[in-house]
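This is what each chain is made of:
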Amino acid sequence: SRAACNIAGALMAEELRSDGIPVVLLHPGFNRTGMTAKYSEIWDKEGAVEPSVGAKRVLYETGKVTMESTGKFINCEDGLLIPW
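Owing to the predicted nature of the structure, the values given are computational and were not obtained by experimental measurement.

Assigned secondary structure in the protein chain consists of three helices and two strands. For the protein chain, the sequential pattern of α-helices and β-strands runs α-β-α-α-β. By principal-axis analysis of the C-alpha atoms, the protein chain measures approximately 45 × 25 × 20 Å. The buried share of the protein chain, taken over its 84 residues, is 26%. Taking all contacts inside the protein chain whose residues are at least 6 apart in sequence as the whole, residues at least 24 apart take part in 46%. Approximately 5,800 Å² of the protein chain is accessible, and the part contributed by carbon and sulfur atoms is 61%. Between the mean site of the 9 positive side-chain charges and the mean site of the 11 negative ones, the protein chain shows a separation of 4 Å.

Turning our eyes to something else, we now look at the environment of Glu-14. Relative to the helices and strands, Glu-14 is located in helix H1 (residues 2-17). The exposure class assigned to Glu-14 is partly exposed, which follows from its relative accessible area of 48%. Residues Glu-14 and Thr-70, 56 residues apart in the sequence, show an inter-C-alpha distance of 8.2 Å. Within the structure, the side chain of Glu-14 is placed 2.7 Å from the side chain of Arg-17, a separation counted as a polar contact.

Tracing the chain through its elements places Glu-61 in helix H3 (residues 51-63). Look at Glu-61 and you get buried, because its relative accessible area is 5%. Residues in contact with Glu-61, not counting those within four places in the same chain, are Leu-26, Ile-74, Cys-76 and Gly-79.

About the criteria used
- Residues numbered from 1 in each chain as written.
- Predicted model: local features only at pLDDT ≥ 70, side-chain atom pairs only at ≥ 80, totals over all residues.
- Heavy atoms only, no water.
- Helix = DSSP H or I, 4+ residues; strand = E, 2+ residues; numbered from the N terminus.
- Buried < 20%, exposed > 50% of the residue type's maximum accessible area, 1.4 Å probe, protein only.
- Contact = heavy atoms within 4.5 Å.
- Areas by Shrake-Rupley, 256 points an atom, 1.4 Å probe, with all protein chains shown as cover.
- Lys, Arg positive; Asp, Glu negative; His and termini not counted.
- Charge placed at Lys NZ, Arg CZ, Asp CG, Glu CD.
- Polar contact = N/O pair within 3.5 Å; in protein donor to acceptor, adjacent residues only side chain to side chain.

What follows is the structure in structure tokens.
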């Protein structure tokens, strides 16, 4: 489940903090995929992007990860933190 994934990421971040290894959870945003096809009528209105754009957003946020951001949940659409 998503909740289990979230807690696993948070626990892993704490476990690896002393080794200086940052762990973040990234939300890729709203992407135009088969998984979201049932929402295709709102893709344009809600800003859904092609998977290649979503992947670039994830890579961009990955490049910004530091120990200061470890344990955080980040929205790759805008780089803002998603509160737990």
